Structure formats: structure tokens, C-alpha cells
Amino acid sequence: MQNEHTPMGEGAANAVDAVVEKAQEIGSAVAEKATQVGQAAAEKAASVATNVKDAAVQRAVQVKDAVVKQAAAAGQAVAKKAAAVKTAVTQAVAPKKAAPKPAAKKAAKKAVKKAVKKAAKKAAKKAKPAKKAAKKAVKKAAKKVARKAKSAKKAVKKAVKKAAKKKTAKKAARKQVRRTKAKKK
């Protein structure tokens, strides 16, 4: 840039021009860095959210498998108990060898039904806490995912705001440079 000033004024104008150019360079470097930081924050937030979601899904599957396993075990226990009761009743009734009386048959069936009901109730009681624990674990994991996603979202917003502020600062510096150049002329 050429200045039409006295030699003394020209030196001052050149110094101002050098400062303005340096300010522009710094402004553009700051804007680039802010953009990079914003992009990195967005990528990190997306990565964290994905990892958290995957962990929650995996934990929910593990809890569900544990509940199913316990329920299956409880069902097997009920079936075993019912078979044992049936066998005991059959053995108690069988030695008589005489034709069974209808009342005895009814009593035996009633006893079997009662034993099966009792065993089923016990199994249901055992399965209830496991089901509750599974629901609680899934809820807790979902809350954790939501919390981490929210904090990641905040970080991204903050980085974007910061980048926008720096861009605004860069624009203001450019305007200032234009004003000083206009004043010189």
C-alpha cells in the first residue's frame, strides 16, 4: 500500500498498516481455531453419546437375560416340585391295590393342585425382585445416557457460541481496519 504523506507520516501510516495486517492475520487464525474446536467438540459429543447409548443397550440386554434365566430356573423348580408331589401322592395311594374310592382320588388330585399352586407362588415371589431389579437398571442406564447426551450437547453449543463470538470479533477488526484506512484518505 502506498501512502502519499510526508516521510514522517508515511512511517506512521506503514506502522498502522502493519498492525492492521497483523490483527487481520490473528483474527483469521482465531476464527480457524474456533471452527476446529467446534468441530472437534461436536465429534466428541457424538462419540460420547454413541458410546453411552451402546453401553446402556448392552446393560439392558444383560439384565433381561438374567431375568429370563431366573424365570426359567423358577419354572423348572415349579415343574420339579409338582412332579415330586405327584409321585408322592401316587405312591401314597398305590399300595392299597384295591379299586380307589372316588373320595380318595379327589383328595389326591386336590393335594397335587394345592402343592403345584404353592410351588408356583414361591417361584413367582422369587422372580419378582429380579424383574424389579431389571426395570430399575434399565431406567438408571437410560437416565445416565440422557444426562451424558445433555452435557455433550451443552459442550457443543458452548463451542459453537465461542466460535461465533470469535467470528464476530474478526468482523469487527475488519470494520475497524476499513475505518482507519478511510480516515487516512
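In what follows, the structure referred to is the one given above.
Nothing here was measured: the structure is a model prediction, and the numbers come from that model.

Caption draft 1: Representation of the overall build of the protein chain within the structure. Counting its secondary structure elements, the protein chain contains two helices and zero strands. Of all intrachain contacts in the protein chain linking residues separated by at least 6 positions in sequence, the fraction that spans at least 24 positions is 81%. Per element, the accessible surface of the protein chain, about 15000 Å² overall, is 61% carbon and sulfur.

Caption draft 2: View of the environment of T168. Along the chain, T168 falls in helix α2 (residues 102-184). Look at T168 and you get exposed, because its relative accessible area is 52%. Taking the C-alpha atoms as reference points, T168 and G27, 141 residues apart in sequence, are found 9.7 Å from one another.

Caption draft 3: Up close: a positive patch on the surface. Residues K128, K131, K132, K135, K136, K139, K140, K143, K144, R147 and K148 make up a contiguous surface patch of positive charge. Structurally, the position occupied by K139 is in helix α2. Its relative accessible area of 61% is what places K139 among the exposed residues.

Caption draft 4: Looking closely at the environment of R178. Tracing the backbone through its elements, the reader meets R178 in helix α2. Placed 158 residues apart in sequence, R178 and V20 show a C-alpha to C-alpha distance of 9.5 Å.

Conventions and cut-offs
Residues numbered from 1 in each chain as written. Predicted model: local features only at pLDDT ≥ 70, side-chain atom pairs only at ≥ 80, totals over all residues. Heavy atoms only, no water. Helix = DSSP H or I, 4+ residues; strand = E, 2+ residues; numbered from the N terminus. Contact = heavy atoms within 4.5 Å. Areas by Shrake-Rupley, 256 points an atom, 1.4 Å probe, with all protein chains shown as cover. Buried < 20%, exposed > 50% of the residue type's maximum accessible area, 1.4 Å probe, protein only. Patch = residues over 30% accessible without salt bridge, like charges linked within 9 Å, V, L, I, M, F, W, Y side chains within 5 Å. Salt bridge = Lys/Arg side-chain N within 4 Å of Asp/Glu carboxyl O. Lys, Arg positive; Asp, Glu negative; His and termini not counted. Charge placed at Lys NZ, Arg CZ, Asp CG, Glu CD.

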